[in-house]
There are 2 protein chains.
Amino acid sequence: MSSLIEPRVLKGFRDFLPDQELRRRAIEKRLARTFESFGFVPIDTPIIEYTEVLLGKGGGETDKQIYRFNDHGNRDVSLRYDLTVPFARFMAAHVSELYLPFKRYHMAKVFRGENTQRGRYREFIQCDFDIVGVDSATSDFEILETMYRSFQALEVGDVTIRLSHRGLFNRLLASLGVDSATAEVLRIVDKLGKVGEEKVRTMLAELLSEQAVETVLEFIKPEGEFIPTLEKMEKLAGGPGEDSDRVRTIYSLIQGTGLAASFRLDPSITRGLDYYTGIVYETFLNALPDIGSVCSGGRYNNLASLYTKQELPGVGSSIGLDRLTAALDEIGEATETEGPVKVLILMQDEQLAAHYYTIAARFRESGLSCEVYPESKKLAAQFSYAEKKRIPIGIICGQDEYSRGTLNVRDLRSRESFNDLSLDTGIEQIRNLL
Amino acid sequence: MSSLIEPRVLKGFRDFLPDQELRRRAIEKRLARTFESFGFVPIDTPIIEYTEVLLGKGGGETDKQIYRFNDHGNRDVSLRYDLTVPFARFMAAHVSELYLPFKRYHMAKVFRGENTQRGRYREFIQCDFDIVGVDSATSDFEILETMYRSFQALEVGDVTIRLSHRGLFNRLLASLGVDSATAEVLRIVDKLGKVGEEKVRTMLAELLSEQAVETVLEFIKPEGEFIPTLEKMEKLAGGPGEDSDRVRTIYSLIQGTGLAASFRLDPSITRGLDYYTGIVYETFLNALPDIGSVCSGGRYNNLASLYTKQELPGVGSSIGLDRLTAALDEIGEATETEGPVKVLILMQDEQLAAHYYTIAARFRESGLSCEVYPESKKLAAQFSYAEKKRIPIGIICGQDEYSRGTLNVRDLRSRESFNDLSLDTGIEQIRNLL
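The rules behind the values
- Residues numbered from 1 in each chain as written.
- Chains lettered and ligands numbered in written order.
- Predicted model: local features only at pLDDT ≥ 70, side-chain atom pairs only at ≥ 80, totals over all residues.
- Core = buried A, V, L, I, M, F, W, Y, C linked by C-beta atoms within 7 Å.
- Buried ≥ 20, exposed ≤ 12 C-beta atoms within 10 Å, placed from the backbone.
- Contact = placed C-beta atoms within 7 Å.
- Domains from an automatic or database assignment.
- Helix = DSSP H or I, 4+ residues; strand = E, 2+ residues; numbered from the N terminus.
- Nonpolar A, V, L, I, M, F, W, Y, C, P; charged D, E, K, R; others polar.
- Least-squares fit on C-alpha atoms with pLDDT ≥ 70 in both.
- Pairing = 2+ DSSP bridges.
- Axes fitted to C-alpha atoms, helices over the stretch in contact; angles between N-to-C directions.

> Please clarify how the nonpolar core should be interpreted in this entry.
Considering soluble globular proteins, one finds that nonpolar side chains tend to be buried as a cluster. Counting 234 residues, the largest nonpolar core has A:Val343, A:Ile345, B:Val343 and B:Ile345 as its most contacted members. Among all residues touching A:Ile345, those that are not within four sequence positions of it are A:Tyr356, A:Ile359, A:Ala360, A:Cys370, A:Val372, A:Tyr373 and A:Ile395.

Below you can see the structure in the form of structure tokens.
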């Protein structure tokens, strides 16, 4: 016999066993239903694209992490490492076939050759949703409400969505004479939650004057209430502007729809990336704030500038499904105790197999998922199968029951039996038990 | 301005625009619901695996088509090219955590660097379902019934499932003294539907004696009825055996469950691959037989022999979703004429935006998907958006209606209006219109 190949998977990759896959699908279904209830439509893009398309101008961490190779035609190709870049390419390619504003969601696998020691996966699922082609307070609000409703649909308890506006921060930094270091200051401030104020002060001091550091630290301190915080930010940034007007309008929508309890203005939210130009936000689970943001994003003024001259402003958000799933596990969100299938018809007598399959079809027609044990084994083995698969109901039908046109229903959890029922009564009995 | 990057996709790859993606999801949902109603559970595996795991002993077409490269750790890795090999690896790795018989389905992307001139994609979606850990007529039948019910669920009209048994063919060839050429004979016969009898005769003549060729041709000719065909096959193969008994039992289950009209015994079905050891089958749409089989498979006696010494017999089937979707398009299967979202609330007066979003939330709570147009534009532009997105219902509410606590419902298809309705009456009116 030839030697066996070890059935291993690559580090950072994983199998989804049935319970994990059912769970993932249930989460995705709730999210998709929420997105669709808001008029977002799904799209998909290829996993492999031209490297030139995915890397664009390139540079930075991404280049090192991207899975890149030459294909059969010796083309330089890569696996997508996020869903934003493919979406930008998609919009540039299809904007004339679509309509604007365009609201899409995309839930799919992406690939990054990251260091797995930090508990990160190299293949993971992202979930992005965006509104493109409009720059308005209402669309900003709509993304925020969609985020809020998504977490409601997932039944994760209360969330806090912390938001800010890059325009206000940029004005503050301009007034302090910070210019070339703007991006770096934003990235440092973005770390506040992780490293604390003292560390941020030290890092900022390498870039800014002592007084500028204190002004920035004063700026990023939330005042508790939304409007007082906004007024302080506005004052430090040099007075009212389009940016603070936008935030004020968004807040009036948040208040007017009764959602104010879940939103905070938090000037320390910057979302490091250069990409954002308007509001930025992060979402925290009140039950588990320490795991960090589970849904973040912001407004950008030009999605697809690498590929088209058409300006496509937009606002969007991204959910990290892996972190979220881990959080749901920790919170102990209602996990199904029943398995995926409700009824097992035991193969008590192989002569009656056609009868069993006929009954099974009737169960399915009435909406009960049902399987027939697929071989004639000791009943103990068949019951053990039902237990492992967490099937709650067993159907037993031997020659006697068959000749009388009946069957026995057994609740496999309580071991209670209901004997000699007609098929219709049996179905009713099962419904009562489930 | 820097030069633009062309937003192209690789040959053999494609974007799914919203209507296509919604359609794909609808098909997958119907299939998943059918599989789950039979007790199949979903799994997933990584897209990237060790090349050694995916290629096994290697050889053949697959090696040339596989996407293979070295990853960041210089590991020899590849993208999965089917769902069977990863499933074999999965079972070897997890059999101790699972239960047997194990019934799984898997719908996911696979990658092959095929010649795209034949209209093939390099990234495509497969849908596999298998029952592993049992070798019985009942499990053979269950796969066949699942196939039949899947196509019922897709509403593609009647199908014909053609089946045969490799054991009978092998016995015939052994009796003819064919030994080393067995696999090649099977592959030639597999082409019968495509190339016709004469061509098959010519090809077989290069391997077999004239008399043997005629016996093979006699064997693969169906007799119309199931049992007479089986009796002829049995006779030519040297008499009754386990194989013909198995086929007889399967047929009694097909008859006993009222499905006989959709099944044929067709001895020319061989499914080229060495892999199969028991029944083999293909599925044809009666409305479009010429597109070939849309769902095929068979029984194998050892799924995971490359990775484990544990014997895992099984039976399974695979649906080519791309061919099926193309077929559904051609048959003109009921395509949705409505878009994904039912109600558009027009942004008539920005001052009322919070009111619009509040109404929208109420619509969603009552199960109506709903969006608010996200900026204050001319109503004509907003109506045009609704038309492009095929939204059937518009809600118009200005200051007058707001002050009276009412809204106007407009059927955007018929242009009929229903004015000054309360929110509850409006919801009822919309339900009547949809």
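> Can you walk me through the domain arrangement of chain A in this structure?
Interfaces are often sized by the accessible area lost when the parts come together. Residue and element names in this part refer to chain A. Taken domain by domain, chain A holds domain 1 (10-130), domain 2 (136-300) and domain 3 (343-433). The straight-line distance from the C-alpha centre of domain 1 to that of domain 2 is 26 Å. Opposite the nine residues of domain 1 that make contact, domain 2 presents seven residues. Sorting elements by how many residues they give to the side of domain 1 that touches domain 2 places helix H1 (residues 18-37) first, with six residues. Here the side of domain 1 that touches domain 2 is built from residues that sort into six nonpolar, one polar and two charged.

> Looking at this structure, how should I read the relation of the copies chain A and chain B?
Applying a rotation about an axis and a shift along it to one chain copy brings it onto the other copy. The operation relating chain A to chain B is a screw motion whose rotation component is 180 degrees, with 0.0 Å of axial translation and a residual RMSD of 0.1 Å. Interpreted geometrically, this transformation is the action of a two-fold axis. It is A:Phe69 whose C-alpha, among those of chain A, lies nearest the rotation axis, at 3.1 Å. Mapped onto chain B, 100% of the interface residues of chain A again fall at the interface, so both copies present the same surface.

> Sorry if this is basic, but what is going on with the sheet that holds strand E13 (residues 370-372) of chain B here?
Residue and element names in this part refer to chain B. On the basis of which strands lie adjacent, the open sheet formed by five strands has the order E13-E12-E14-E15-E16 and mixed pairing. Of all the strands in the sheet, just E13 and strand E16 (416-421) have a single pairing partner and so form its edges. On average, each strand axis in the sheet is tilted by 20 degrees relative to the strand beside it, whichever way the strands run. In this structure, strand E12 (residues 343-345) lies alongside E13, joined through three bridges in parallel fashion. Each residue of the ladder has a partner; that of Leu 344, found in E13, is Glu 371. Sheet strands touched by helix H17 (residues 423-433): E12, strand E14 (393-396), strand E15 (407-411) and E16. Its angle to E15, the strand with the most contacts, is close to 5 degrees.

> Can you help me understand the sheet that holds strand E2 (residues 48-50) of chain B in this one?
Backbone hydrogen bonds hold the strands of a sheet together, and the pairing may be parallel or antiparallel. Residue and element names in this part refer to chain B. Read across the sheet, three strands follow the order E2-E4-E3 without closing on themselves; strand pairing throughout is antiparallel. A single partner strand is all that each edge strand has here, and the edge strands are E2 and strand E3 (68-70). Recorded for the sheet is a direction-independent mean angle of 40 degrees between the axes of neighbouring strands. The pairing of E3 with strand E4 (residues 76-79) spans three bridges and is classified as antiparallel. Note that in E4 the partner of Phe 69 across the bridge is Val 77.

> Would you take a moment to explain the environment of A:Leu423 for this structure?
Residues and elements named next belong to chain A. Relative to the helices and strands, Leu 423 resides in helix H17 (residues 423-433). Leu 423 sits 166 residues away from Thr 257 along the chain, and the two C-alpha atoms are 51 Å apart. Non-local contacts of Leu 423, meaning those with residues more than four positions away in its chain, are made with Ile 359, Arg 362 and Leu 407.

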